[in-house]
Structures are given as C-alpha cells and as structure tokens.
Amino acid sequence: MWNPPSQYPAYLWCTDIAGLVRGASEGAGLGNAFLSHIQAVDGIYHVVRAFDDDEVVHVDDSVDAVRDLETIQYELCRKDLTYVDSQEQIEKKGLQGGKFKLSENFLFCFAKVRELLEASKPVRDHDWNAEQVTMIREKLPALLTTKPVVYLVNMSAADYARKKNKCGHFFLYTFGGWLARVRKWVDEHGGGTMIPFSIEWEQKAWALRDDEAKLAEYVGESGCKSALPKMVVTGYKELNLIYFFTAGEKEVRCWTMYNGGLAPQAAGVIHSDFERGFIKAEVVAFDDFKAISTSASMAEVKAAGKYRQEGKAYVVKDGDIIHFMFNVTAPAKKK
C-alpha cells in the first residue's frame, strides 16, 4: 500500500560462530576465541546436526546430536564456572581484611550458580526471584549460560520434506530418531524452542529465488516452506524485542526496541533529540491499519476512531505505526 522510494525492514544481526570441540573451555580448538564470540552476542541459535553425509565430515567422525548438545553445554558451563570463581575472588579481596561481609543474597546466588554449573546446567534454568536476578546481573554480567537459546535441528532435505503427521508435528523418527532425542534432551535441560529445518532445502530454495515459477514448483513438490521466518520471529521473542513502524511518503522504516518500552524510549531509538523533546505519539496498530485503510493515508483510520494520541506513559505495542511529535529548543546538557 505504502510504496516509498526508501524502505527499511527490521532485522536480526546474526554472527556465524564456528562450533567448538571438547576441551574448548581449557583452550582446545578455537577455545577462548569461540567463547569470547559467544560473550559478544545477546542470544544463541544453537545449530544441531541431524543428517548423515560422507562429504560433510564431523569433528568427532560420527553424527550424534545429543552428544554435540552435551559437549557445548558442558564447555559453556565450565567457562562460566571459571568466571564465577574469579568474580568471587575479586569480591572477597574488596572486603578489606574482614571489615565488610558478603550479603546473604550474594552468598546464596554464587553458591547456587556454582551448583548449577558443576552439574552442567545453565544458570538460566533456575527459577530466580527479582532480587537474585539483580545480584547476578550486577556481579556476574558476563555469564554465557544466562543467554537465551533457540535450538535449530539441521536435517537433510529428504527428512525435512517428509509429511507432517495428523497432529501437525514433524515425524520425530527421522534419521536416527534425532528429532525425538533432541526434543527429549531440551525438555530435560530447562526446555526451549526447537525448530527443525534443512540447510540443504533452504539452499535450493534460495537458488530459485529469482524464478517464482520454479520456486513455487519446488516448494509444492517438497511440501515444505522456509523455516527462516519462524527463526527470526522466535529470535525476536527470545530476546524480548518488538518492532514499530514510521511511515511517510518518502520512507517506511521498521525500528526495533525492547518489549515494555515507553513511547519516549521508542522515539529515542530514532534519535536522542526525539526522546529529549518528546511531546506525544500519534499511534495506530498495524492490524487496524491493514483492516481499515485502502490507501497510503491515515484518513480512514482516523474516521474509524483507531488513530489515537499517546503520552509519555504509553507502552509501545508490537507492530505500532507511530508519528512522534517533539520539540527541542536547547542543546542537550553535558554530563
């Protein structure tokens, strides 16, 4: 409907990090380089191999998805354990020879974190209360196992193309029954989202992207569709992100912010002056605009009473279309 010369969609920035090997927490393989890359991201797409191919060699010379899950979780937990020990020593050195004492909350959190990690369980798996979460964020900000994880099970194109059963789920007993085993492992290790997909299938579909007829034929014959949109949507959800739109004759842009953010904070995503001089936000939900409007205009939405003005306390909703009103007459104060 809106077709301006400039269009900017939302996106997730993904970094391809090579897999690690047993002993990485002690420097084996890419070791510390791999783990430092993990520290730099907000969440993890954990790709698990569930296909057999003699031309794609596995570092352990055999395919075992559960073994690979165990290896990576173990190495991440061991690295976190080393970090926890070092942070605790730093805290103890600051006690000035016994003049101060560590709080009960500190002692409990560090003991519980260590207990989880020694059992190869991620810190995110425990049911922490608000006070404990604050302590962990303050004293252990660089933990790896607090990051959200989405498990991506990489299957062969043939397995991925198998029809779904009557319950609407993928057959779990494809190649070695890895889907069932991975699902069981995930459920036993704190739960989480598992998305079956096939790089082999995705590559073929991508190669046909410029030929709509052949792409439609390929999708129809395989009975599949790309899992990439689901991965992106799930990634947004796991990172607690939402998006909102700004729309005009020259540009439509999608912006990303944390769920629960207020209208001034959304304005600040665009420019700090928007947040500093925020007056109000004129808002319409995307679904309302899509259902009501027949042209690139807000006139019909306003006539239907779906176009509203919101103030500083408004919590931005996923998919909002927003026009910000602001006024900045003086430069920002120096801190």
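For the structure itself, consult the block above.
Heads up: these notes are all about the structure in this document. (Residues numbered from 1 in each chain as written. Predicted model: local features only at pLDDT ≥ 70, side-chain atom pairs only at ≥ 80, totals over all residues. Heavy atoms only, no water.)

**Concerning unusual backbone geometry**
Basically, it comes down to this: Segments assigned H or I by DSSP are reported as helices when at least four residues long, segments assigned E as strands when at least two residues long, and all are numbered from the N terminus. Relative accessibility thresholds used throughout: buried, under 20% of the residue-type maximum; exposed, over 50%; partly exposed, between the two (1.4 Å probe, protein chains only).
Phi at Ser120 takes a positive value of approximately 60°, unusual for a residue other than glycine. Note on placement: Ser120 falls in the loop between helix H3 (104-118) and helix H4 (130-139). One non-glycine residue, Asn240, adopts positive backbone phi at about 60°. Relative to the helices and strands, Asn240 resides in the loop between helix H9 (228-238) and strand S5 (241-247). On the basis of relative accessibility, which here comes to 37%, the residue Asn240 falls in the partly exposed class.

**Some words on the nonpolar core**
The test is simple: Residues grouped as a nonpolar core are buried Ala, Val, Leu, Ile, Met, Phe, Trp, Tyr and Cys residues, joined through side-chain atoms within 4.5 Å. Contact between two residues is taken to exist if any of their heavy atoms lie within 4.5 Å; hydrogens are not considered.
Ranked by internal contacts, the top residues of the largest apolar core, which has 33 residues, are Tyr151, Val153, Val182 and Trp201. Setting aside residues no more than four positions away along its own chain, Val153 makes contact with Val48, Ala50, Leu179, Val182, Met194, Ile195, Pro196 and Phe197. Of all hydrophobic cores here, the second largest spans 18 residues; its members include Leu102, Val113, Leu140 and Leu143.

**So, the pairing of strand S4 (residues 193-197)**
Quick reminder of the rule: Here, a strand pair is defined by DSSP locating no fewer than two bridges between the strands.
With respect to burial, S4 is a largely interior element, four of its five residues being buried. Here strand S3 (residues 149-154) pairs with S4 via five bridges, running parallel. Across the sheet, residue Asn154 finds its bridge partner in S4, namely Phe197.

**Considering the sheet that holds S4**
Let me state the cut-off plainly: The axes are straight lines fitted to the C-alpha atoms, using for helices just the contacting stretch, and the angles between their N-to-C directions are given from 0 to 180°.
Spatially, S2-S3-S4 is the arrangement adopted by the three strands of the open sheet, whose pairing is parallel. Across the chains shown, the open sheet's two edge strands, defined by having one partner strand only, are strand S2 (44-49) and S4. Across the sheet, the axes of successive neighbouring strands diverge by a mean angle of 25°, strand direction being ignored. As paired elements, S2 and S3 share six bridges and run parallel to each other. Within S3, the residue paired with His46 across the bridge is Tyr151.

**Focus: the packing of aromatic side chains**
The condition is simple: Each aromatic pair joins two rings of Phe, Tyr and Trp (for Trp, the six-membered one) with centres within 6.5 Å, and gets the label stacked for planes under 30 degrees apart, edge-to-face for over 60, and tilted for any other angle. Note on criteria: charge over ring means Lys NZ or Arg CZ within 6 Å of the ring centre, with the direction from the centre no more than 35 degrees off the ring normal.
This structure, assessed with the given rule, holds ten aromatic pairs. For the ring pair Phe244 and Phe324, a centre distance of 6.0 Å and an interplane angle of 85° mean the geometry is edge-to-face. Residue Phe244 is located in strand S5, and its partner Phe324 is located in strand S9 (residues 320-326); the two are separated by 80 residues in the primary sequence. Just as Phe244 is buried, Phe324 falls in that class too. With 5.8 Å between their ring centres and 35° between their planes, Phe245 and Phe286 make a pair best called tilted. Here Phe286 lies in helix H12 (residues 286-292) and Phe245 lies in strand S5, a separation of 41 residues in the sequence. Taken together, Tyr236, Tyr243, Phe245 and Phe286 form an aromatic cluster joined through their ring pairs. When the ring centre of Phe51 is taken as reference, the NZ or CZ atom of Arg49 above it lies at 4.4 Å.

**Some words on helix H7 (residues 199-207)**
As a reminder of what qualifies: Within this analysis, the arc is defined by the directions that extend from the helix axis to the C-beta atoms.
When H7 is considered as a whole, its buried residues turn out to be Trp201, Glu202 and Ala205. With its buried residues spanning 95° around the axis, H7 presents them on a single face. Residues of H7 that are exposed and point more than 90 degrees away from the buried face comprise Gln203, Trp206 and Ala207. On the buried face of H7, the contacting elements are helix H5 (157-160), helix H8 (212-222) and H9.

**Let's talk about the packing of helix H2 (residues 65-93) against helix H6 (residues 178-188)**
Quick reminder of the rule: In this scheme, roughly parallel covers angles under 35 degrees and roughly antiparallel covers those over 145, while 65 to 115 is roughly perpendicular and the rest are oblique. Only Asp, Glu, Lys and Arg are considered charged, only Ala, Val, Leu, Ile, Met, Phe, Trp, Tyr, Cys and Pro nonpolar, and every remaining residue, Gly among them, polar.
Orientation of H2 relative to H6, taken along the N-to-C sense of each, is 30°, at an axis distance of 9 Å. The angle between H2 and H6 places the two elements in the roughly parallel class. Contacts between H2 and H6 involve Ala65, Val66, Leu69, Glu70 and Gln73 on the former and, on the latter, Trp178, Arg181, Val182 and Trp185. When grouped by side-chain class, the residues that make up the contact of H2 with H6 number six nonpolar, one polar and two charged.

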